[in-house]
Amino acid sequence: MDVKEAIEKRRAYRSLEPVEITGEIVMELVEAARLAPSCFNNQPWKFVFVRSKEALEKMKEALNKGNEWARAASCIIAVFAKKEYDCVIKEREYYLLGTGLGLGQMLLRATELGLVAHPIAGYSPEKTAEILGIPEGFNIITLVIVGKKSPKDNNGLLNEKQEEGEKQRPERMARENIYSVDRYDDRLDTKAEH
Ligand SMILES: Cc1cc2nc3c(=O)[nH]c(=O)nc-3n(C[C@H](O)[C@H](O)[C@H](O)COP(=O)(O)O)c2cc1C
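Residues numbered from 1 in each chain as written. Predicted model: local features only at pLDDT ≥ 70, side-chain atom pairs only at ≥ 80, totals over all residues. Heavy atoms only, no water.

## As for the side chain of S150
With respect to the helices and strands, S150 occurs in the loop between β7 (139–149) and α6 (160–167). Among the residues examined, S150 registers a relative accessible area of 6% and is labelled buried. Reaching out from S150, the side chain makes a polar contact with the backbone nitrogen of K152 at a distance of 3.0 Å. Residues in contact with S150, not counting those within four places in the same chain, are S15, L16, E17 and N155. (Helix = DSSP H or I, 4+ residues; strand = E, 2+ residues; numbered from the N terminus. Buried < 20%, exposed > 50% of the residue type's maximum accessible area, 1.4 Å probe, protein only. Polar contact = N/O pair within 3.5 Å; in protein donor to acceptor, adjacent residues only side chain to side chain. Contact = heavy atoms within 4.5 Å.)

Quick look at the structure:
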């Protein structure tokens with residue numbers, strides 16, 4: 001699979017079925033993030049791969065309502081970083097960008113490996129830190145829900161709207177609202193509508 005195909009295939013699917021997340025898969029995902037660019041090569045990204053049955057069971061306590069579908073995860077990746085571990089140039093703090101670049105590569109590699117890797121913001125960072133023993137000072141930026149796409153659009157854990165979402169990718173903004181050439185365009189001052 002080339003990069004373009006992985007970009008097109010990647011979806012934040014929610015209807016998941018179990019898949020074994022082997023040590024090799026974990027290594028492949030780590031390696032994809034490890035090679036990402038970062039400010040001054042600071043590599044701010046940190047990951048905890050949760051994949052034992054017991055640990056996954058505990059992580060369910062950290063999920064917000066609305067993310068019940070994530071209970072079918074075969075692996076949950078906690079993604080975290082510290083501001084101080086990356087460039088801070090006046091008001092520009094690069095650790096979120098850096099971690100996002102690493103994670104972006106990881107998501108594409110997961111797609112190439114036939115996995116769903118779906119980042120979520122709907123979780124409790126406090127509970128996550130407590131369950132996983134992540135010390136204070138780290139910002140838990142996202143959890144990534146990993147599994148295999150179920151052939152059914154609803155494995156039983158999705159609400160109606162989420163089931164509908166499995167069928168097609170949510171609409172993207174018009175291109176002119178996200179880029180211009182040579183000079184800023186007022187059309188770039190646009191927020192996505194839902
Ligand atoms: C930072 C971030 C937070 C997200 N949080 C959630 C979430 O809490 N629950 C959920 O079901 N999807 C979540 N998503 C998935 C987005 O809704 C999804 O990526 C978006 O609708 C585009 O769909 P696509 O990824 O399939 O193209 C999140 C995605 C990102 C990047």
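## Side note on the site of the ligand
In the neighbourhood of the ligand, 14 residues make up the surrounding shell, with R11, A12, R14, H118 and R169 lying closest. The contact in question runs from an oxygen atom of the ligand to an N or O atom on the side chain of R10, over 2.9 Å. One nitrogen or oxygen atom from the side chain of H118 is found 2.8 Å from a nitrogen atom belonging to the ligand. Looking at the shell around the ligand residue by residue, the classes come out as six nonpolar, three polar and five charged. (Near = heavy atom within 4 Å. Nonpolar A, V, L, I, M, F, W, Y, C, P; charged D, E, K, R; others polar.)

## Some points on the pattern of salt bridges
Overall, the coordinates contain eleven salt bridges when judged by the stated rule. Residue E5 is joined to K9 by a salt bridge in which the shortest nitrogen-to-oxygen separation is 2.8 Å. Of this pair, E5 and K9 both sit in helix α1 (residues 3–9), four residues apart, which is roughly one turn of the helix. What makes K9 partly exposed here is its relative accessible area of 45%. Of the charged contacts, one joins K148 and E17 as a salt bridge, the two residues approaching to 3.5 Å between their closest N and O atoms. Taken together, the positions of K148 in strand β7 and E17 in strand β1 (residues 16–17) put the pair 131 residues apart, joining distant regions of the chain. Through salt bridges with shared partners, a single network forms among K149, D153, E166 and K167. (Salt bridge = Lys/Arg side-chain N within 4 Å of Asp/Glu carboxyl O.)

## Focus: the state of the cysteines
Here a disulfide denotes a covalent bond joining the sulfur atom of one cysteine to the sulfur atom of another. Under the definition given, this model contains one disulfide. Two residues share a disulfide in this structure: C39 and C87, whose sulfurs sit 2.0 Å from each other. Between C39 and C87, the S-S torsion sits near -95°, and that sign places the bridge as left-handed. Of this pair, C39 sits in the loop between α2 (23–34) and β2 (46–50) while C87 is found in the loop between β3 (75–81) and β4 (88–89), placing the two residues 48 residues apart along the sequence. Residue classification places C39 among the partly exposed positions, given a relative accessible area of 26%. For C87, a relative accessible area of 12% gives the class buried. (Disulfide = S-S within 2.5 Å.)

## Digging into the packing of aromatic side chains
One pair of aromatic rings is described through two measures. These are the centre distance and the angle between the planes. One pass over the full model with this rule turns up two aromatic pairs. Their ring planes at 85° and their centres at 5.1 Å tell us that F80 and F138 sit as a pair that is edge-to-face. Of this pair, F80 sits in strand β3 while F138 is found in the loop between α5 (125–132) and β7, placing the two residues 58 residues apart along the sequence. By relative accessible area, which is 21% here, F138 ends up partly exposed. Taking the centre distance of 6.2 Å and the plane angle of 80° together, the rings of Y85 and F138 count as edge-to-face. Remark: F138 occurs in the loop between α5 and β7 and Y85 occurs in the loop between β3 and β4; sequence separation between them is 53 residues. A network of ring pairs unites the aromatic residues F80, Y85 and F138 as a single cluster. The ring of Y13 carries the charged tip of R11 above its face, separated from the ring centre by 4.9 Å. Sitting over the ring of F138, K82 keeps its end group 4.6 Å from the ring centre. (Phe/Tyr/Trp six-rings, centres within 6.5 Å; stacked < 30°, edge-to-face > 60°. Lys NZ or Arg CZ within 6 Å of the ring centre and 35° of its normal.)

## What to know about the nonpolar core
By size, the foremost hydrophobic cluster in this structure holds 23 residues, and its most contacted members are W69, I76, I120, L143 and I145. For this core, the secondary structure elements donating two or more residues are α3 (53–59), β3, β6 (116–120) and β7. Leave out the neighbours within four places in its chain, and L143 touches M59, L63, I76, I77, A78, H118, P119, I120, Y123 and T128. (Core = buried A, V, L, I, M, F, W, Y, C linked by side-chain atoms within 4.5 Å.)

On their own, these measurements won't tell you what the molecule is for.
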